[in-house]
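Now for the letters of each chain:
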Amino acid sequence: MKTLLHPTYFPNIASLTVLVQSEFIWEVWDNYQKQTFRNRCHITTDQGRHTLTIPIKHTGGGNGRQKYKEVRIDNSANWQRQHWRTLQTAYRTSPYFEFYEDHLAPLYTKKYDFLMDFNFDTIAFLLEHISVETFGLKTGTFETNPAQVTDYRALTIAKKGNTFKNTPYIQVFDDRNDFVTNASGIDLLFNEGTNALNYLQQLRPPSLHD
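Residues numbered from 1 in each chain as written. Predicted model: local features only at pLDDT ≥ 70, side-chain atom pairs only at ≥ 80, totals over all residues. Heavy atoms only, no water.

Draft legend 1. View of the nonpolar core. By size, the foremost hydrophobic cluster in this structure holds 58 residues, and its most contacted members are Phe10, Leu104 and Tyr108. At the level of elements, helix H1 (13–21), strand S2 (23–26), strand S3 (40–45), helix H2 (79–91), helix H3 (97–104), helix H4 (115–130), helix H5 (185–192) and helix H6 (196–202) are the ones that each hand at least two residues to this core. With near-sequence residues (within four places) excluded, Leu104 lies in contact with Phe10, Trp84, Leu87, Phe125, Ile186 and Phe190. (Core = buried A, V, L, I, M, F, W, Y, C linked by side-chain atoms within 4.5 Å. Buried < 20%, exposed > 50% of the residue type's maximum accessible area, 1.4 Å probe, protein only. Helix = DSSP H or I, 4+ residues; strand = E, 2+ residues; numbered from the N terminus. Contact = heavy atoms within 4.5 Å.)

Pasting the structure below:
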């Protein structure tokens, strides 16, 4: 069965588990919604769970709705520099950060106008380095109740982001903080490196009923 997901900013462990264990399709015709992983991701720092948020321009029409694919990033604030510095501080002592640093850095120097374009590049980075060879298809229309696919679009809702309890792996600051569940895949990659794919293949996919 094919699965349907939203493209998000460095997808979390729940979404990556679905990606590596199924044939997936990206939802690209939905309306943008606030409080989702479309413009945020969770990493781990010395303070525990930390959220990186991409500022966006709210330019919805008269009904307040805007297509996700039309959402523009607000580049008036130097968010890319801030996110990159935060990632360097959080992961510079992780086992694999130095192996991926030069490949990751261009994402934070290239200018992006559209949020979805940036998100797809972060996804491409993760899939490439986790060794997932396919990037998936994209939807051609929006369907509220799509047939013949397993609908995992709810995984993008940020308030549900902590319900998926993945098996612990060693995190940089686990000597001072509890294990941070369902962090961004970037956390897994920096800590597990080439073992990331095997780790994800061993997890049970997230429940659709949580």
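Draft legend 2. Region of the structure containing H3. Taken together, the buried positions of H3 are Phe97, Tyr100 and Leu104. Seen from one end, H3 has its buried residues packed into an arc of 85 degrees, which puts them on one side. Of the exposed residues in H3, those oriented more than 90 degrees away from the buried face are Glu98, Phe99 and Asp102. Those residues of H3 that are buried lie in contact with H2, H4 and H5. (Arc of directions from axis to C-beta.)

Draft legend 3. Examining the sheet that holds strand S8 (residues 149–151) more closely. Read from one edge to the other, the open sheet built from 4 strands follows the order S7-S2-S1-S8, with strand pairing classed as parallel. Edge positions in the open sheet fall to strand S7 (137–138) and S8, since each of these has one partner strand only. Contacts between H1 and the sheet are confined to strand S1 (2–5) and S2, with S1 contributing the most and set at about 150 degrees to the helix. (Pairing = 2+ DSSP bridges. Axes fitted to C-alpha atoms, helices over the stretch in contact; angles between N-to-C directions.)

Draft legend 4. Quick look at the pairing of S1. Judged from the 4 bridges that link them, S1 and S2 form a sheet pairing that is parallel. Within S2, the residue paired with Leu5 across the bridge is Trp26. In this fold, the crossover linking S1 to S2 by way of H1 has right-handed handedness. (Right-handed = clockwise from strand over helix to strand, strands pointing away.)

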